[in-house]
Amino acid sequence: QVQLVESGGGLVQPGGSLRLSCAASGFTLDSFAVAWFRQAPGKEREGISCIGGSTGITESADSVKGRFTISRDNAKNTVYLQMNSLKPEDTARYFCAVDPSYAAYCGLTFYDYNYWGQGTQVTVSS
């Protein structure tokens, strides 16, 4: 069956870094667009970064552009999110998700993504 498992979250001080992982099973990740979303308590779900299926072309939200980088390791069937220069406003639960439509390009709209992991918590605090 299709499964996505996020890991790598934790508590970090402002200015610090974390690398999140999204490990897939039951399908080959590099055939599909994959995105990272985040949601903080009382706030709307926000698409922050994605990578296209066949193209590998990436997009990022303005709020994280220049600080977060999405990448894919085909050998490990895993997508990563490298997060640098973390700020308290980055505190949220982070989810990876897959668009099953074989779209060559990705987007940051949540309804395009049908498969979701359980999420991993990121807390940025002094």
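Report follows, based on the coordinates. Since we're looking at a predicted model, the values are computed, not measured.

**Observations regarding the pairing of strand S4 (residues 33-39)**
The buried count for S4 comes to 6 of 7 residues, which makes it a mostly enclosed element. Note: S4 against strand S9 (residues 92-99), 7 bridges, orientation antiparallel. Considered in S9, the bridge of Val34 is made with Val98. With 5 bridges joining them, S4 and strand S5 (residues 46-51) adopt antiparallel strand pairing. Looking across to S5, one finds that Val34 is bridged to Ile51. Counting the residues in the hairpin turn of S4 and S5 gives 6 residues, including Gly42, whose phi is positive at 75°.

**Focus on the state of the cysteines**
Inspection of every chain in the model, using the stated rule, returns 2 disulfides. In this model Cys22 forms its disulfide with Cys96; the gap between the sulfur atoms is 2.0 Å. Given an S-S torsion of about 60°, the disulfide between Cys22 and Cys96 has right-handed geometry. Pair noted here: Cys22 is in strand S3 (residues 18-25) and Cys96 is in strand S9, with a separation of 74 residues, a long-range link.

**Some thoughts on the side chain of Thr120**
Mapped onto the fold, Thr120 is located in strand S11 (residues 120-124). There is a polar contact of 3.1 Å between the side chain of Thr120 and the backbone nitrogen of Gly9. Residues contacting Thr120, with those up to four places away along its chain left out, are Glu6, Ser7, Gly8, Gly9, Leu20, Ala92, Arg93 and Tyr94.

**A closer look at the sheet that holds strand S1 (residues 3-7)**
Pairing is antiparallel in the open sheet, where 4 strands are placed in the order S1-S3-S8-S7. For this open sheet the edge positions go to S1 and strand S7 (68-73), each flanked by a neighbour on one side alone. Averaged over all pairs of adjacent strands, the angle between their axes in this sheet comes to 15°, without regard to strand direction. Of the strand pairs in this sheet, S1 and S3 are connected by 5 bridges, and their pairing is antiparallel. If you follow Gln3 over to S3, its bridge partner there is Ser25.

**Re the side chain of Arg67**
Take Arg67: it is sitting in the loop between strand S6 (58-60) and S7. At 2.8 Å, the side chain of Arg67 forms a polar contact with the side chain of Asp90.

**Quick notes on unusual backbone geometry**
Across residues other than glycine, the phi torsion is negative in most instances, and most of the peptide bonds are trans. Positive phi is not limited to glycine here, since Asn77 has a value of about 55°. Relative to the helices and strands, Asn77 resides in the loop between S7 and strand S8 (78-83). With phi around 60°, Tyr102 is a residue other than glycine that occupies positive phi space. Mapped onto the elements of the fold, Tyr102 is located in the loop between S9 and strand S10 (115-116).

Here is what the cut-offs are and how they apply
Residue numbering note: each chain is counted from 1, following its sequence as written. Where local features are concerned, this predicted model is filtered to residues with pLDDT of at least 70; where side-chain atom pairs are given and counted, the filter is 80 or more; whole-chain, interface and lining totals use all residues. Side-chain descriptors were evaluated using all non-hydrogen atoms of the structure, hydrogens and water having been removed beforehand. The classification of residues rests on relative accessible area computed with a 1.4 Å probe and restricted to protein chains. Under 20% of the type maximum is buried, over 50% is exposed, and intermediate values are partly exposed. Every helix listed is a DSSP run of H or I at least four residues long, and every strand listed is a run of E at least two residues long, numbered separately from the N terminus. We call two strands paired when DSSP finds no fewer than two bridges between them. Counting rule for disulfides: a pair of cysteine sulfur atoms within 2.5 Å. Whenever two N or O atoms come within 3.5 Å, that pair is a polar contact, provided that in protein one can donate a hydrogen and the other can accept it, and provided that, for residues adjacent in sequence, both atoms are side-chain atoms. The contact criterion used is simple: two residues touch if any of their non-hydrogen atoms lie within 4.5 Å. Lines fitted to C-alpha atoms define the axes, with helix axes restricted to the stretch in contact, and inter-axis angles between N-to-C directions lie between 0 and 180 degrees.

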